[in-house]
Amino acid sequence: MLESVKQLLSDHGSGGLFSALSIFPKATKFEAQDEEEKIILLLRPHFVTNIWWILISLAMGFAPLVWPDLPIISLLPDNYIFVLTLFWYALILTFIFERFLMWFFSVNIVTDERVMDVDFYGLLFKHVSVAQLDRIEDVNYFQKGIMGAFFNFGDVLIQTAAEITGFVFNKIPNPDRVVKVLSELIAEEKQEELEGRVR
């Protein structure tokens, strides 16, 4: 069943642990995964979408260098400035840790049976959308701006016949390739249904 999909993805590497596009990831499982269900794609937003918070973190890291020039802080004793600096860097590390975890765990999963969109909002809330391949009616993508065109990332919009009418894979790499893979999987799922081979 997956031979045509493998051909579409043959010129891409499988991707590593921190890759935004992992093909047939071997050590990846998710809750409610069926025994025979195979994960074909594991997608995250393109890594370049993290640049904004990385730059903010760097700028925040240099802030203590200008503290002696600030009248309020320059009046504090050295012990207080030291504690304030430690607290400041702890805040930066917390910010970096949270942003990284939100990027790492907000994933899109494409299997041979369904697609899943897992979005984390903060560390305590996640939203999961699932659509069976045979319920998907339309798949398309769009790219916005110079960054999207230059780094080849965009949004994949999936329209379904279910109660949740659709969801979006945000800022994923190679959206055109992902749409082709999804279209191929949907066609194969329909063929299996016609032949009575549905699980």
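In the block above lies the structure referred to throughout.
Presented here is a report on the structure given in the accompanying data block. (Residues numbered from 1 in each chain as written. Predicted model: local features only at pLDDT ≥ 70, side-chain atom pairs only at ≥ 80, totals over all residues. Heavy atoms only, no water.)

1. Regarding the overall build of the protein
Counting its secondary structure elements, the protein contains 6 helices and 8 strands. Along its sequence from the N terminus, the protein presents helices and strands in the succession α-β-β-α-α-α-β-β-β-β-α-β-β-α. Per-residue burial for the protein yields a buried fraction of 39% across its 199 residues. Considering only intrachain contacts with a sequence separation of at least 6, the fraction spanning at least 24 residues in the protein is 55%. (Helix = DSSP H or I, 4+ residues; strand = E, 2+ residues; numbered from the N terminus. Buried < 20%, exposed > 50% of the residue type's maximum accessible area, 1.4 Å probe, protein only. Contact = heavy atoms within 4.5 Å.)

2. Brief notes about the sheet that holds strand E1 (residues 21–23)
An order of E1-E2-E3-E4-E5 is seen for the 5 strands of this open sheet, with the pairing classed as antiparallel. Looking along the sheet, the strands with just one partner apiece sit at the ends: E1 and strand E5 (125–132). Each neighbouring strand pair of the sheet contributes to a mean axis angle of 10°, computed without reference to strand direction. Pairing analysis gives 4 bridges linking strand E2 (residues 39–43) to strand E3 (residues 107–111), with the strands arranged antiparallel. Bridge pairing in E3 links Leu-42 to Ile-109. Lying on the sheet, helix H6 (residues 175–195) is in contact with E2, E3 and strand E4 (114–121); it crosses E2 at an angle near 150°. (Pairing = 2+ DSSP bridges. Axes fitted to C-alpha atoms, helices over the stretch in contact; angles between N-to-C directions.)

3. A few points about helix H2 (residues 51–62)
In a regular helix each residue adds 1.5 Å, so 12 residues correspond to 16 Å; H2 covers 17 Å between its end C-alpha atoms and thus fits that length. Regarding H2, the residues found buried are Trp-53, Ser-57 and Gly-61. Down the axis of H2, the sector holding all buried residues measures 85°, keeping them to one side. Away from its buried face, by an angle of more than 90 degrees, H2 presents the exposed residues Leu-55, Ala-59 and Phe-62. Residues of H2 that are buried make contact with helix H4 (78–105). (Expected span 1.5 Å × (residues − 1). Arc of directions from axis to C-beta.)

4. Side note on the sheet that holds strand E6 (residues 136–142)
Sheet architecture is open: 3 strands sit in the order E6-E7-E8, paired in antiparallel fashion. The open sheet has two edge strands, E6 and strand E8 (166–173), and neither has a second partner. For this sheet, the mean inter-axis angle between neighbouring strands, taken without regard to orientation, is 20°. Relative to E8, strand E7 (residues 153–160) is paired through 6 bridges, and the arrangement is antiparallel. For Phe-153, the partnering residue across the bridge sits in E8 and is Pro-173.

5. Examining the packing of aromatic side chains
Following the criterion strictly, the structure yields 10 aromatic pairs and no others. Seen from their ring centres, Trp-67 and Trp-88 are 5.8 Å apart, and the 70° between their planes marks the pair as edge-to-face. With Trp-67 in the loop between H2 and helix H3 (71–74) and Trp-88 in helix H4, this residue pair connects regions lying 21 residues apart in the sequence. Judged by its relative accessible area of 8%, Trp-67 is buried. Between Trp-103 and Phe-104 the ring centres are 6.5 Å apart and the planes differ by 50°, which places this aromatic pair in the tilted class. Using a relative accessible area of 14% as the deciding quantity, one classes Phe-104 as buried. Seen from the ring of Trp-103, Arg-44 lies directly overhead, with NZ or CZ sitting 5.5 Å from the centre. (Phe/Tyr/Trp six-rings, centres within 6.5 Å; stacked < 30°, edge-to-face > 60°. Lys NZ or Arg CZ within 6 Å of the ring centre and 35° of its normal.)

Worth remembering: the numbers are spatial, not functional.
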